[in-house]
Amino acid sequence: MQVQVESLSAARRQVKVQVPAGDVSRVWTQVVRRIGSRVRIPGFRPGKAPKRLLERRYGAAIREEVLDKVLPKAITDALDHAKLQPLGRPELEDIGEVKDATDLDITFSCDVLPTLELEGYMGADYTVDRVEADEADIDAEVETRRQRATEVVDVEDAAITDDVVRVSFILTAVGGEAPDPDAAETELQERRVPVGGSVKWLSDIVEGSAAGHSLSVEVDVPEHEGTDFDGATALLTGKILGVQRREVPELDDALAVKLGHADLAAMRAEAKVECDRRAEQRSSLLRRTAVLTHILANNEIDAPNTLVNHEIDNRLQQMFGGMNLKENPALSRYLDELRGNMRPEAETGVKQALVLSHLADQHDLEVTDADIDARIEKMVLEMPDMEARVRESFGTD
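Model, not experiment: these values are computed from the prediction.

With that settled, the discussion passes to the packing of aromatic side chains. For the coordinates displayed, the defined rule picks out one aromatic pair. Relative to W201, the ring of F169 lies with its centre 6.5 Å away and its plane at 90 degrees, an arrangement referred to as edge-to-face. Here F169 is found in strand β6 (residues 164–172), whereas its partner W201 is found in helix α4 (residues 200–206), with 32 residues between them in sequence.

Turning our attention to the nonpolar core. V19, I62, V66, L104, I106 and F108 are the most contacted members of the largest nonpolar core, which has 31 residues in total. Looking at this core, the elements that each hand over two or more residues are β2 (12–19), α1 (21–38), α2 (51–82) and β4 (104–111). Broken down by element, the residue count for this core peaks at eleven residues, all from α2. When residues no more than four places from it in sequence are discounted, the contact partners of I62 are W28, V31, V32, I35, L54 and E55. Core analysis: the next-biggest nonpolar cluster, separate from the first, contains 20 residues, V155, V206, V219 and I240 among them.

Within β4, seven of the eight residues are buried, which leaves the element mostly enclosed by the surrounding structure. Two strands pair when backbone bridges link them, and β2 and β4 are joined in this way by eight bridges, in the antiparallel orientation. Within the sheet, the bridge partner assigned to R12 lies in β4 and is D111. Direction of pairing for strand β3 (residues 87–95) relative to β4: antiparallel, over a ladder of five bridges.

Let us look at the packing of α1 against α2. Running from amino to carboxyl end, α1 crosses α2 at an angle of 120 degrees, the nearest separation of the two axes being 8 Å. As the angle between them shows, α1 and α2 are arranged oblique. Viewed along their axes, α1 and α2 form a crossing whose handedness is right-handed. On α2, the residues that touch V27, W28, T29, V31, V32, R34, I35 and G36 of α1 are K51, L54, E55, Y58, I62, R63, E65, V66, K69 and V70. Taken together, the residues of the contact of α1 with α2 break down into ten nonpolar, two polar and six charged.

Right, let's talk about unusual backbone geometry for a bit. Its identity as a non-glycine residue notwithstanding, K83 has a phi of 55 degrees, on the positive side. Considering the arrangement of structural elements, one finds K83 in the loop between α2 and β3.

We now examine the pairing of β2. A regular strand carries its side chains on alternate faces of the sheet. Counting buried residues along β2, six of its eight residues qualify, which places the element largely inside the surrounding structure. Where strand β1 (residues 2–9) lies against β2, seven bridges are found, and the strand directions are antiparallel. In the sheet register, V3 faces β2, and the bridge partner there is V17. The loop that links β1 with its antiparallel partner β2 comprises two residues.

This next bit is on helix α7 (residues 305–320). Here α7 spans 22 Å end to end across 16 residues, near enough to the 22 Å set by a 1.5 Å rise per residue. Taken residue by residue, α7 has V308, E311, I312, R315, L316 and Q318 as its buried positions. Angular distribution of buried residues about the axis of α7 spans 160 degrees; they occupy a single face of the element.

Another aspect to go through is helix α6 (residues 264–298). Quick reminder: α-helices carry 3.6 residues per turn. Residues three or four places apart thus point the same way. Along its 35 residues, α6 runs 51 Å from first to last C-alpha, staying within 8% of the 51 Å computed at 1.5 Å per residue. Along α6, the residues that are buried comprise M267, A271, E274, C275, R278, A279, Q281, S283, L285, L292 and I295.

Bringing the side chain of R339 into the picture now. For R339, the position within the fold is in helix α9 (residues 335–362). One polar contact links R339 to D313, side chain to side chain, over a distance of 2.7 Å. Contact partners of R339, with chain neighbours within four places excluded, come to N309, I312, D313 and L316.

We now examine the environment of A60. Locating A60 in the fold gives a position in helix α2. For the pair A60 and V98, spaced 38 residues apart in the sequence, the C-alpha separation amounts to 9.8 Å.

As a further point, take the packing of α7 against α9. Closest axis-to-axis distance for the α7/α9 pair is 8 Å, and the angle between their directions is 115 degrees. Of the two elements, α7 crosses α9, and the hand of that crossing is right-handed. Two secondary-structure elements touch here, α7 through N305, L307, V308, N309, E311, I312, D313, R315, L316, M319 and F320 and α9 through L335, L338, R339, M342, R343, E345, A346, E347, V350 and L354.

A cluster of acidic residues, E93, D94, D103 and D105, forms a negative patch on the protein surface. Locating D105 in the fold gives a position in strand β4. Taking the relative accessible area as the measure of exposure, D105 reaches 40% and is therefore partly exposed.

If the charged atoms of two oppositely charged side chains come close together, the side chains can form a pair. Applying the stated rule across the entire model yields 28 salt bridges. As a salt-bridge pair, K51 and D100 come within 2.8 Å of each other at their nearest N and O atoms. A residue pair is termed long-range when its members are at least 10 positions apart, and K51 in helix α2 and D100 in the loop between β3 and β4 qualify at 49 residues. In this structure, the salt-bridge partner of R130 is E280, at a minimum N-O distance of 2.8 Å. Here R130 is found in the loop between β4 and α3 (135–148), whereas its partner E280 is found in helix α6, with 150 residues between them in sequence. Owing to a relative accessible area of 31%, E280 belongs among the partly exposed residues under this scheme. Salt bridges sharing partners connect three or more residues here, namely E141, R145, E270, E274, R277 and R278.

Calculation rules
Residues numbered from 1 in each chain as written. Predicted model: local features only at pLDDT ≥ 70, side-chain atom pairs only at ≥ 80, totals over all residues. Heavy atoms only, no water. Phe/Tyr/Trp six-rings, centres within 6.5 Å; stacked < 30°, edge-to-face > 60°. Helix = DSSP H or I, 4+ residues; strand = E, 2+ residues; numbered from the N terminus. Core = buried A, V, L, I, M, F, W, Y, C linked by side-chain atoms within 4.5 Å. Buried < 20%, exposed > 50% of the residue type's maximum accessible area, 1.4 Å probe, protein only. Contact = heavy atoms within 4.5 Å. Pairing = 2+ DSSP bridges. Axes fitted to C-alpha atoms, helices over the stretch in contact; angles between N-to-C directions. Parallel < 35°, antiparallel > 145°, perpendicular 65-115°, else oblique. Left-handed = near helix turned anticlockwise from the far one by under 90°. Nonpolar A, V, L, I, M, F, W, Y, C, P; charged D, E, K, R; others polar. Expected span 1.5 Å × (residues − 1). Arc of directions from axis to C-beta. Polar contact = N/O pair within 3.5 Å; in protein donor to acceptor, adjacent residues only side chain to side chain. Patch = residues over 30% accessible without salt bridge, like charges linked within 9 Å, V, L, I, M, F, W, Y side chains within 5 Å. Areas by Shrake-Rupley, 256 points an atom, 1.4 Å probe, with all protein chains shown as cover. Salt bridge = Lys/Arg side-chain N within 4 Å of Asp/Glu carboxyl O. Lys, Arg positive; Asp, Glu negative; His and termini not counted. Charge placed at Lys NZ, Arg CZ, Asp CG, Glu CD.

Next up, the structure:
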């Protein structure tokens with residue numbers, strides 16, 4: 001097997017491999033025999049038809065099966081021969097004609113980790129402001145803990161903004177006889193309606209109502225609600241089943257004890273410790289970012305496209321959870337644009353990761369929980385709306 005490797009860039013290799021005619025011929029013969037044993041050709045017993053006849057009749061199928069058998073092994077052997085460790089699946093670029101007793105030329109390319117030779121970072125001066133927690137940070141941490149202790153309770157009061165109302169109702173034509181919502185034959189639908197939320201047509205109806213209140217009102221039903229009256233006026237008949245309200249506890253010693261502290265002062269002291277820890281992590285992150293920024297500005301580093309795409313996929317996954325974006329019509333049309341917007345930051349992230357890996361190898365560094373925590377803080381700064389999910393997914397004990 002002949003193998004030629006060309007460096008397209010520091011992170012990309014093109015491989016040209018030639019499979020010897022003898023190897024192709026051996027597989028070709030095996031495939032022809034297998035096909036000959038299965039097909040029926042008038043005038044010949046199974047497995048006795050001449051090779052040339054089989055090749056004329058089933059040439060396309062023979063070539064396809066030979067290629068299926070030869071190609072994976074040829075690529076694997078070529079990578080081993082060239083001592084390449086591809087990132088992701090190699091991309092096939094060209095395949096020569098598949099013929100019996102003829103050399104087969106194959107060309108493919110793959111991403112690889114670039115070999116880095118970094119300069120200009122040892123002994124360089126870096127100016128970074130130290131992050132320190134202040135009283136406002138501690139107040140915010142205490143308030144966050146207070147908000148986490150919020151409970152949702154059933155109330156007898158009339159529903160107000162931010163309450164969630166459980167309502168059962170039926171929509172019927174205006175002018176007809178109003179159905180009895182308590183009758184067994186009345187098919188009611190039940191909804192949970194946030195007062196002041198996005199479902200305004202229902203929110204306006206239930207606001208100010210209390211549990212047990214009956215409803216009978218004409219309503220303009222918006223489009224795309226999935227009812228028989230979308231885009232029309234209907235009679236809504238139903239009943240308020242319950243009203244739920246978020247109750248935020250008072251910030252006092254009782255709350256502190258409930259959350260596992262001796263009193264409010266102890267809770268605040270522990271909050272200060274946590275704020276100081278995060279401030280130190282952010283200071284460490286700023287120092288690291290300053291070093292990485294300096295290195296990237298003074299060294300040419302190729303980010304493998306495979307890793308960049310993987311980084312973009314991870315960011316999309318974090319942004320949209322388990323949603324299948326390609327099957328979501330509202331998002332799929334913007335997917336290419338979104339990926340394009342994410343690419344510059346993703347490339348920088350990959351380059352930083354490559355630099356960190358190189359420095360770790362060069363200086364015998366180990367990744368600690370503090371390093372992981374610092375990375376989490378960076379992700380939180382980049383995606384503040386997803387702080388809870390980021391900390392839950394990646395936090396260390």
